[in-house]
Each structure stands twice: as structure tokens, then as C-alpha cells.
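# Structure at a glance
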Amino acid sequence: MSTSWEARVDGWLGRALPGRCVFCLTPLPGKDPWCEACFWELSWNPSACPGCAEPQPVAAQGRRCGHCLRRPPGFDRAWVPLRYDAEVAGLVQRFKFDASPRAGRVLLELMIAGLPAEARGWPEALVPVPLHPRRARERGFDQARWLASRLGRQLGCPLALAQRTRDTRTQRGLDRGERRRNLRGAFRLPPGLPRRVALVDDVMTTGATLDALAVACRQAGAEEVQAWAVARTPAGRH
């Protein structure tokens, strides 16, 4: 699908969607797909670890968690504005498994709203987490690339596409160390990446996938890598 055609479809969807809050169905006065009350009631992630975005107590805000201190991830920092919970989890599931364009648009807008200005102007390229070609054919939808292409248009930032070189087994049920071993060497990018790149995914669990992709980005020439996602799975739900 061409970028211009994607833009026309996205514009049509924006006009066609009803002017009601996606969460409570209250009529909306503005262009945002949510009302102010629902926006502030979402599971935001303000006191996250700056290294991996894992939710932390408010008292620990700004400090790196024990996991990052023991084994720093391959990326330099993470920006993940929401927690994977309640309404956010429902949106992600409709987006990821039902390919709902409305859910995707809401998640994209929430991600942009939660990214600080310093992050929005930082990357020189966005790298979506790739699906293995077999899984992409089965699902018929690549949620990370969908998000990254539209995010890139809004930020004026190009995409750099990675290749998933092997079809790794599911990460479900694996602990943090097993997830890292499962993904070791799973990604490849052509050389010549710009110096600063941001990785893009819908949900960050332990960060193992983004960690492996960050290593591949550094091998391809990136010097600074950030991990961006819409939502972070809280500790205890990995």
C-alpha cells in the first residue's frame, strides 16, 4: 500500500468515525477521540524506569530499576507512556488481533500525546519491530509497522526496516532470561543506519524483543537507540 493511499484512507477514517469518546461514548467537542475525563483516567506510566519503562513506585521516579542496573538493555532509554491495563489492553487487543483501524488510531494518538517534546524531535529514523514473514502472512497485519509508518509521518521521520531472520517460538510463558536467549540474533538490518534511532512496538513486556533489535541496530551503525511503545506490561504479568 502506498504512503499517499494510506494517508487518504487514514483521513477518511478520521472523518468517518463518530464524534464520540472511544471509551465512554460522550459526544466530543474537539478532534481528539477521547473526552478529557477518560484521558486522565487511563493507566498512565509516569514513574517508569527510564531504562526499560517498567512501572515503579512514585518514590523511585527517575531511577533505574534493579533489572537495568544488573543488566542494562541494548537501548539507552525507553519511552512507554501507558500501562497495559483495562481500557488500554482492550484497545491493543482490538488493534492487534482484529486489525481495528479505530483502535490503532486511538493508540497512535495516545502514544504521541504521551511522548515528551524532547523525544519527538530526537530520532533520525524509526525501526518497527518486524514480524517473521510467515507470521505476517498468517496474521495479515503488522501492527508495529502500521504504528511506525503513521508516527513517522507525523514526526517527519523516515522508517528503517529490519528483517526477522528466524521464526522464534512464542515468548509467552518464558522468563526474562529465556526471552533474551530466544531472540538472540533474530534481527538484521542493512548497514548505514543513522546515528539516532527509535524502535517502535505496540506493547513492551520485559523488553527482550526490543533489546535484541537494539543490538542489531548498533551492528548496523546506530550509536544511540531508544525503545518506544504504547503500553508497558506491569511486573508480575510477564
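Residues numbered from 1 in each chain as written. Predicted model: local features only at pLDDT ≥ 70, side-chain atom pairs only at ≥ 80, totals over all residues. Heavy atoms only, no water.

### Overview of unusual backbone geometry
- Notably, Leu25 is not glycine yet its phi reads approximately 70 degrees, a positive angle.
- Inspection of the secondary structure assignment puts Leu25 in the loop between helix H1 (3-16) and helix H2 (36-41). (Helix = DSSP H or I, 4+ residues; strand = E, 2+ residues; numbered from the N terminus.)

### Quick look at the packing of helix H5 (residues 101-114) against helix H8 (residues 143-155)
- Put simply, H5 and H8 touch, their axes get as near as 10 Å, and they point 50 degrees apart. As summarised for this structure, H5 and H8 are arranged oblique, according to the angle between their axes. The chirality of how H5 crosses H8 is right-handed. On H8, the residues touching Pro101, Gly104, Arg105, Leu108, Glu109, Met111 and Ile112 of H5 are Trp146, Leu147, Arg150, Leu151 and Gln154. (Axes fitted to C-alpha atoms, helices over the stretch in contact; angles between N-to-C directions. Parallel < 35°, antiparallel > 145°, perpendicular 65-115°, else oblique. Left-handed = near helix turned anticlockwise from the far one by under 90°. Contact = heavy atoms within 4.5 Å.)

### Details of the packing of aromatic side chains
- If you walk through the whole model with that rule in mind, you get four aromatic pairs.
- An angle of 25 degrees between the planes, with centres 5.3 Å apart, marks the rings of Trp34 and Phe39 as stacked. Each member of the pair Trp34 and Phe39 is classed as buried.
- Taken together, a centroid distance of 5.2 Å and an interplanar angle of 65 degrees make the contact between Phe95 and Trp146 edge-to-face. Of this pair, Phe95 sits in helix H4 (residues 86-98) while Trp146 is found in helix H8, placing the two residues 51 residues apart along the sequence. Residues Phe95 and Trp146 agree in their burial class; the two are buried.
- Taken together, Trp34, Phe39, Trp40 and Trp44 form an aromatic cluster joined through their ring pairs.
- The ring centre of Trp146 lies 4.0 Å from the NZ or CZ of Arg150, which sits over that ring. (Phe/Tyr/Trp six-rings, centres within 6.5 Å; stacked < 30°, edge-to-face > 60°. Buried < 20%, exposed > 50% of the residue type's maximum accessible area, 1.4 Å probe, protein only. Lys NZ or Arg CZ within 6 Å of the ring centre and 35° of its normal.)

### A look at the environment of Val215
- Tracing the backbone shows Val215 in helix H10 (residues 208-219).
- Separated by 142 residues in the primary sequence, Val215 and Pro73 place their C-alpha atoms 9.1 Å from one another.

### Section: the nonpolar core
- Leu82, Leu110, Leu151 and Trp228 are the most contacted members of the largest nonpolar core, which has 39 residues in total.
- If you list the elements that add at least two residues to this core, you get H2, H4, H5, H8, strand S6 (196-204) and strand S7 (224-232).
- If you tally residues by element for this core, the top one is H5, at seven residues.
- Here Leu110 is in contact with Phe23, Trp34, Phe39, Leu42, Trp44, Pro81, Leu82 and Leu91, once residues within four sequence places are set aside.
- Counting 33 residues, the second-largest nonpolar core is a separate cluster that includes Cys65, Val197, Leu199 and Ala222. (Core = buried A, V, L, I, M, F, W, Y, C linked by side-chain atoms within 4.5 Å.)

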